[in-house]
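# Per-entry structural report
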Amino acid sequence: MTMAIAGRAQGALPNQPLDVAAIRKDFPIFETGIAYLDSANTSQRPKQVTGAMLEYFEKFNSNIHRAAYRIAEEATVRYEATREKVRAFINAASTKEIVYTRGTTESINLVAYAWGRKNIAQGDLIVLTILDHHSNIVPWQILAAERGAHIEYVDIDEKGELRQDQFADLLQRGPKLVAFNLVSNAMGTINPARDMVAAAKKAGATVLVDGAQSTPHQPVDVRALGCDFYAFSGHKMLGPTGAGILYGRRELLEAMDPFMAGGDMIKTVRIEGTTYHDLPWKFEAGTQAIAEVIGLGAAVDYLSALGMDAVRAHELEITEYAYEALSDVEGLTLYGPPPSRRAGVVSFALEGIHPHDLATIADRDQVCLRAGHHCAMPLMTRLGVAATARASFYVYTQKEEVDRLVGSIKEAQRIFA
Amino acid sequence: MTMAIAGRAQGALPNQPLDVAAIRKDFPIFETGIAYLDSANTSQRPKQVTGAMLEYFEKFNSNIHRAAYRIAEEATVRYEATREKVRAFINAASTKEIVYTRGTTESINLVAYAWGRKNIAQGDLIVLTILDHHSNIVPWQILAAERGAHIEYVDIDEKGELRQDQFADLLQRGPKLVAFNLVSNAMGTINPARDMVAAAKKAGATVLVDGAQSTPHQPVDVRALGCDFYAFSGHKMLGPTGAGILYGRRELLEAMDPFMAGGDMIKTVRIEGTTYHDLPWKFEAGTQAIAEVIGLGAAVDYLSALGMDAVRAHELEITEYAYEALSDVEGLTLYGPPPSRRAGVVSFALEGIHPHDLATIADRDQVCLRAGHHCAMPLMTRLGVAATARASFYVYTQKEEVDRLVGSIKEAQRIFA
Amino acid sequence: MSAAADDQFYREYILDHYKNPRNYGRLEHPDITHEEDNPLCGDVVGMDFRVEDGVISDIRFHGRGCAISQASASLLTERLKGLSLDEAKKINKDDVLGELGIDISPARIKCALLSLKVLKVGAYGLAGDDEE
Amino acid sequence: MSAAADDQFYREYILDHYKNPRNYGRLEHPDITHEEDNPLCGDVVGMDFRVEDGVISDIRFHGRGCAISQASASLLTERLKGLSLDEAKKINKDDVLGELGIDISPARIKCALLSLKVLKVGAYGLAGDDEE
Ligand SMILES: Cc1ncc(COP(=O)(O)O)c(C=O)c1O
Ligand SMILES: Cc1ncc(COP(=O)(O)O)c(C=O)c1O
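Per chain, the residues get numbers from 1 upward, laid out in the order the sequence is written. Whichever chain is written first is A, and whichever ligand is written first is 1; the rest continue in order. Local features in this predicted model are restricted to residues whose pLDDT is 70 or higher, and side-chain atom pairs enter the listing and the counts only when it is 80 or higher, whereas totals over whole chains, interfaces and linings include all residues. With hydrogens and water stripped out, all remaining heavy atoms of the structure feed into the side-chain values.

## Here we look at the overall build of chain A
The test is simple: A run of H or I in DSSP counts as a helix once it spans at least four residues, and a run of E counts as a strand once it spans at least two, with each numbered from the N terminus. Each radius of gyration reported is based on C-alpha atoms, and the globular scaling rule is 2.2 Å times the count of residues to the power 0.38. Classification of residues uses two cut-offs on accessible area relative to the type maximum, computed with a 1.4 Å probe and protein chains only: under 20% is buried, over 50% is exposed, and between them is partly exposed. Whether two residues are in contact is decided by their heavy atoms: any pair within 4.5 Å suffices. The method behind every accessible area is Shrake-Rupley, applied with a 1.4 Å probe, and residues are considered shielded solely by the protein chains displayed.
Each helix and strand in chain A was counted, giving 14 helices and 15 strands. Here chain A has a C-alpha radius of gyration of 22 Å; the compact-globule value for 417 residues is 22 Å, and the two agree. Principal axes of the C-alpha set define a box for chain A whose edges measure 75 × 55 × 35 Å. By residue count, 69% of the 417 residues in chain A fall in the buried class. Long-range pairs, those at least 24 residues apart, make up 71% of the contacts in chain A with a sequence separation of at least 6. Accessible area for chain A stands at about 12,500 Å²; split by element, carbon and sulfur atoms hold 50% of it.

## Details of the packing of helix α2 (residues 47-59) of chain B against helix α10 (residues 290-306) of chain B
All names here are of chain B. The cut-off we apply is this: Working convention: axes come from line fits to C-alpha atoms, limited for helices to the stretch in contact. Angles between N-to-C directions cover 0 to 180 degrees. Should the near helix be turned counterclockwise from the far one by less than a right angle, the crossing is left-handed, whereas a clockwise turn marks it as right-handed. Polar here means any residue outside two lists: the nonpolar Ala, Val, Leu, Ile, Met, Phe, Trp, Tyr, Cys and Pro, and the charged Asp, Glu, Lys and Arg; Gly therefore counts as polar.
Viewed as axis vectors pointing N to C, α2 and α10 meet at an angle of 145°, and their least axial separation amounts to 8 Å. Relative to α10, the crossing made by α2 is right-handed. In this structure, α2 uses Gln48, Val49, Ala52, Met53, Tyr56 and Phe57 to contact α10, whose residues at the interface are Ile290, Ala291, Glu292, Ile294, Gly295, Ala298, Ala299 and Tyr302. When the residues that make up the contact of α2 with α10 are grouped by side-chain class, the tally is eleven nonpolar, two polar and one charged.

## Some remarks on the domain arrangement of chain A
Residues and elements named next belong to chain A. Which entries qualify depends on this criterion: Where a domain begins and ends is set by an automatic assignment or by a domain database. Take the accessible area each of two parts loses on contact, using a 1.4 Å probe, and add the two losses: that sum is the buried area. Any carboxyl oxygen of Asp or Glu that lies within 4 Å of a side-chain nitrogen of Lys or Arg is treated as forming a salt bridge with it.
Along its sequence, chain A is organised into domain 1 (35-41 + 307-416) and domain 2 (70-304). Placing the centre of domain 1 and that of domain 2 at their C-alpha centroids yields a distance of 28 Å. The interface of domain 1 with domain 2 comprises 31 residues on the first partner and 31 residues on the second. Roughly 2,600 Å² of surface becomes buried between domain 1 and domain 2 when both sides are summed, with 59% attributable to carbon and sulfur atoms. At the boundary of domain 1 with domain 2, the tally comes to two salt bridges.

## A closer look at the sheet that holds strand β7 (residues 229-233) of chain A
All names here are of chain A. We count it as follows: Being paired, for any two strands, means DSSP has found at least two bridges between them.
Strands sit in the order β2-β8-β7-β6-β5-β3-β4 across an open sheet of seven strands; the sheet is mixed. The open sheet has two free edges, formed respectively by β2 (98-101) and β4 (150-154), since each of these has just one partner strand. Looking at each pair of strands side by side, their axes are set apart by 20° on average, direction ignored. The pairing of strand β3 (residues 125-129) with strand β5 (residues 177-181) spans two bridges and is classified as parallel. Counted as the bridge partner of Val127 is Val178 from β5. Packed onto the sheet, helix α6 (residues 164-172) meets β3, β4 and β5 and runs at close to 155° relative to β4.

## Focus: the pairing of β2 of chain A
All names here are of chain A. The two faces of β2 match: Ile98 and Tyr100 on one face and Val99 and Thr101 on the other face are all buried. For β2 and strand β8 (residues 244-248), the ladder comprises four bridges, and the chain directions are antiparallel. Counterpart to Tyr100 in the pairing with β8 is Ile245.

## Regarding the packing of helix α5 (residues 93-100) of chain C against helix α6 (residues 109-124) of chain C
Residues and elements named next belong to chain C. At a minimum axis separation of 10 Å, α5 and α6 run at an interaxial angle of 115°. Considering only the axes of α5 and α6, their crossing is right-handed. Here α5 contributes Lys93, Val96, Leu97 and Leu100 to the contact with α6, which in turn contributes Ile109, Ala112, Leu113 and Leu116. Split by residue class, the contact of α5 with α6 holds seven nonpolar, no polar and one charged.

## A look at the interface of chain A and chain B
Taken together, the contact between chain A and chain B spans 85 residues of the former and 84 residues of the latter. Taken together, the two surfaces of chain A and chain B that pack against each other cover about 6,800 Å², and 58% of this comes from carbon and sulfur. Linking chain A with chain B are four salt bridges. Salt-bridge contacts for Arg70 of chain B lead to Asp363 of chain A; the nearest nitrogen and oxygen are separated by 3.1 Å. If one sorts the elements of the side of chain A that touches chain B by residue count, helix α2 (residues 47-59) of chain A sits on top with seven residues.

## Some thoughts on the nonpolar core
General note: in soluble globular proteins, nonpolar side chains tend to be found buried as a group. Quick reminder of the rule: Nonpolar core, defined: a set of buried Ala, Val, Leu, Ile, Met, Phe, Trp, Tyr and Cys residues in which side-chain atoms within 4.5 Å join the residues together.
Tyr230 and Val395 of chain A together with Tyr230 and Val395 of chain B are the most contacted members of the largest nonpolar core, which has 169 residues in total. Not counting the four nearest positions on each side in its chain, Tyr230 of chain A is found in contact with Leu182, Val209, Gly211, Ser214, Thr215, Val220, Val222, Leu225, Ile245, Leu246 and Tyr247 of chain A. By size, the runner-up hydrophobic cluster in this structure holds 76 residues, among which are Met256 of chain A together with Leu110, Phe259 and Ala285 of chain B.

## Things to note about the arrangement of the chains
Where the five pairs of chains in contact are concerned, the greatest contact count is recorded for chains A and B. For chain C and chain D, which are not in contact, the least C-alpha distance works out to 45 Å.

## Considering the sheet that holds strand β2 (residues 43-52) of chain D
Residue and element names in this part refer to chain D. Spatial ordering of the open sheet is given by β1-β2-β3, a layout of three strands whose pairing is antiparallel. Pairing within the sheet leaves two strands with one partner each, and these edge strands are β1 (32-38) and β3 (55-64). Each strand of the sheet is rotated relative to its neighbour by a mean of 15°, with strand direction disregarded. Bridge count between β1 and β2: seven bridges; the pairing is antiparallel. Its bridge partner being in β2, Asp37 is matched across the sheet by Val44. Across the sheet, helix α3 (residues 67-80) lies against β2 and β3, angled at about 10° from β2, the strand it touches most. Across the sheet, helix α6 (residues 106-124) is in contact with β1 and β2; its angle to β1 comes to roughly 145°.

## Brief notes about the site of ligand 1
The cut-off we apply is this: Nearness is defined per residue: one heavy atom within 4 Å of the molecule or strand is enough. Two N or O atoms form a polar contact when they lie within 3.5 Å of each other; inside protein one atom must be a possible hydrogen donor and the other a possible acceptor, and for residues adjacent in sequence the pair counts only when both atoms belong to side chains.
Looking at ligand 1, there are 15 residues lining it, with Thr105, Asp210, Gln213, Ser233 and Lys236 of chain B nearest. More than one chain reaches ligand 1: its neighbouring residues belong to chains A and B. The side chain of Thr287 of chain A places a nitrogen or oxygen atom 2.6 Å from an oxygen atom of ligand 1. Here His235 of chain B contributes a side-chain N or O atom positioned 2.7 Å from an oxygen atom of ligand 1. Here ligand 1 loses 99% of its free accessible area of 390 Å² to cover by the protein chains. For the shell around ligand 1, the per-class residue count stands at one nonpolar, eleven polar and three charged.

## Thoughts on the site of ligand 2
Taken together, 15 residues surround ligand 2, and among them Thr105, Asp210, Gln213, Ser233 and Lys236 of chain A come closest. More than one chain approaches ligand 2, the contributing ones being chains A and B. One nitrogen or oxygen atom from the side chain of Lys236 of chain A is found 2.7 Å from an oxygen atom belonging to ligand 2. Contact distances for ligand 2 include 2.7 Å between an oxygen atom and a side-chain N or O atom of Thr287 of chain B. Compared with its free state, where it exposes 390 Å², ligand 2 has 98% of that area covered by protein. Looking at the shell around ligand 2 residue by residue, the classes come out as one nonpolar, eleven polar and three charged.

## So, the packing of aromatic side chains
To keep things clear, this is the line we draw: When two rings of Phe, Tyr or Trp (its six-membered ring) have centres within 6.5 Å they constitute a pair, described as stacked for plane angles under 30 degrees, edge-to-face for angles over 60, and tilted for the intermediate range. Placement of a positive charge over a ring is assigned whenever Lys NZ or Arg CZ falls within 6 Å of the ring centre and within 35 degrees of the normal to the ring plane.
Scanning all chains against the criterion turns up 32 aromatic pairs over all chains. Relative to Tyr302 of chain A, the ring of Phe27 of chain A lies with its centre 6.2 Å away and its plane at 85°, an arrangement referred to as edge-to-face. Placement of the pair is Phe27 of chain A in the loop between α1 (20-25) and β1 (35-36) and Tyr302 of chain A in helix α10 (residues 290-306), with a sequence separation of 275 residues. Ring-pair connections join several aromatic residues into one group, and the members of that group are Phe27, Phe30, Tyr302, Tyr394 and Tyr396 of chain A. If you follow Arg24 of chain B out to its NZ or CZ, it ends over the ring of Phe30 of chain B, 4.1 Å from the centre. Taking the ring centre of Tyr113 of chain B as reference, the NZ or CZ of Arg117 of chain B above it sits at 4.3 Å.

## Digging into the relation of the copies chain A and chain B
In plain terms, the rule: Only residues with pLDDT of at least 70 in both copies contribute their C-alpha atoms to the least-squares superposition of the copies.
Here chain A sits on chain B after a turn of 180° about the axis and a move of 0.0 Å along it, with an RMSD of 0.0 Å. A rotation of that kind, with that shift, is consistent with a two-fold axis. Relative to the rotation axis, the C-alpha of Gly242 of chain A is the closest in chain A, positioned 3.0 Å from it. Mapped onto chain B, 99% of the interface residues of chain A are again interface residues, and the two copies thus contact each other with one and the same surface.

Here's what the structure looks like:
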């Protein structure tokens, strides 16, 4: 995959080791002194991203597509430019396959409504996994209930990895849809997505991959992956809130009816009936999140300039460091696979200390730690816990922040001793 | 309605005549020299709004509801604070009735899916108007086609006002749903919404009011209005793109199933099934447009500080001025009612000059003018035109900008003579 | 680091109630029993009541969760035992927070009030209001 | 004010083609007829072709819209008349924009290319591609 190198830190070559100190200067929030260990929840956003949004607001703020004056043309060009950036970033075949949404959740719901309602019928099988996020479970539960379809969940083994034997068995039953996340947000497990997609396609299923946790953290090539749909959120990859992506293979998107309807997704509206716009605009009804899409474009530039291999390498280094440091803590249980097979996410439990209490104590040290079910209640039920504590990392994470986390854990153990 | 007066220009009292010169200083974009006459399309955004977003990005950027640390609490508090601001702004009974969406279009689609699919059946009648925006037509066309319901459109008279006689006749036929805009974006017509809602409710209909063009420009009281649903967009009322509102009466929202599903809109997710969150969160799936909602809150503060009566008075003044100035231009046809019965929107045609050509010529003078069908093709068909030129005004509009428009019109006439 | 602040938050007696919960367990054939959870963090609190002549003669709670939710439940059962249902009805949010005696952040307030919700919904059938 | 720029944009001959369109009207029993619109601004262009021995022997256009779309259609018909269909097939975007000879902004490019779309889709059944 060739990467654009716009917006890069000066002098740096893509896929050189990250210069974290330089990167951190792009994030004004670190001046507050926080150790931010919740990037799997939402990332921080660099000045380049907020700057791109501000530039829109202050220089060419206007609506897109509809207007005949220059600032609106500028807005339209910038808005559409993000599509090409995203296309290149995930190596889609065409910008027609890149649909803007609010985020992963809307992307998946779009598929559940516009593809699902047309293609899932009574008795059909949908295969999900126990590692999935609620956003990749509940839309299918609702669809299945509506249609009389049913859902099977691929279980995990004791290492927190999907049971491929079970997955193979389920594929034998000819599922109509297979949907799973490439990376689990709750445990960090990286699933063998390419093999899984290939097997599912061979079994005749339509395949949706939830890329919320993979797109920000490792190189993604949707054509190599071979899936039909791929969903992700801008706010987890340095972009602003309010903008995300649905990638869909063109044939499937063409065959789908619109999801939402209104301004901009039509060609002609008459009392007698309406014709819809071409892809991808057929799926983008009403005024879109213009500033946010432009901000997302700046985020893609930023990541592309770093190089996604370098991003992954940095996170792996931090994850290994954290894994080791946490393994040394007494009474601490780590969930999930070893660092090489997981993304920059470490989920754990402390004996006798509820994750919420740990998070509160960490917060007193300005360590931002997530405690809860991570929108993965079925997984929590499977693990037999109500919640875990989770630290997650990104391009700006330093080992020193992991040390601060370990300090907070020891402090909590002192208090609860 | 009592208004919060946070974020006000210093010293100004609400509902004093607007100090436009002072207001314009809050909008850096005017330094570019544009005359922005396209606020019905999207408004400009003051520093207070972008500043509130930046503050989030740089001081407490984090996800809401889910986290146990302080910056996430701060984000949650600010995010939820907008709900109360909006509630007060439109005088809803409870914040439970205020649902965040991307904008008017998503709000209407939410109702079309989550209320419409449950309540509209074969043979039912839906009443819309010829003044409606595509976003309040196409979702109902799709629903009607799916359910075998049918749609009737209230026509306009020669002044561009809805034919109330025809509306009364249609109500006799017992429509299930009546949906119309309070203010037409294409002609500026202010509809007698309170009477229309009362009549429709009396006839037993559920009533949705499209408030995209009313909320930014005049005082709104949804309880006095008496409608069941009320939809509007933040980006047309000084807020950022990406955030809008659906107001719904609590009983109706309670009875509806969710629209989109995923993280945050659930109470518990189990393999066996899922329970949904309380209002309003039941309708807010996945990571929301947090920065944008916070920005919308700042926009509401800004407008509340000015006072919506003063906003309306200012726009009326500008509209009267524009109406007169344009009436004097030879070969110019004005559409719609007189200024007192219209919002700050003036739609017109020039003999022998296509609106697009006029807009291009105006753009050379940095006058931002809209030309097109304004997402109201049925109205254009009814008027027998393909497009009109449209100037629209807001709190920052000066008479001098109207003069510049007239200059551009004369210039166009010279070129096309 | 602000160990003092932590200790202030996790006061001795809260930690004590968490580690040694009072009235913990189940009643056989309770007159009232109800359970609530806080889905956001997975806290669960359930209470069993024995009611004689309108007075709470015995009470047990069970559940799991953070120190705040469990200590709060333990404290509440201590207060409830021997109270008439009418008196119990008057216990409100401020009472419960006052009893905890610490500064509860918005994110933890649901933990602190979970046991009150069990009381309200279980004993009086009041709708739980998540806004509080 | 930038009257010079406007005049540059709306060059004399474009205004002339707009006000006095060449080959305007309809053919009776055309061999090919096709119409396209630009829904964003309501421009419409339709063309009727008479084809004899693979050569466009006569052509008319009709429609309504802005100066750019109508002048562009008028210019295109002038060029097409007498051309073989094979030659006509080779006419592309750059030819049409070159013929107009002005700087077309992104927002107006669809107006300028609407007549080319009519030619492409009508005469060769090529799918119109809105991305161009
Ligand atoms: C009357 C009316 N309704 C609906 C809409 C759609 O609003 P949005 O594009 O923000 O979804 C608009 C905006 O163009 C409008 O003017
Ligand atoms: C794996 C996964 N899927 C889906 C989502 C939902 O993303 P969003 O909340 O941005 O819609 C998330 C984010 O929490 C996630 O981690």
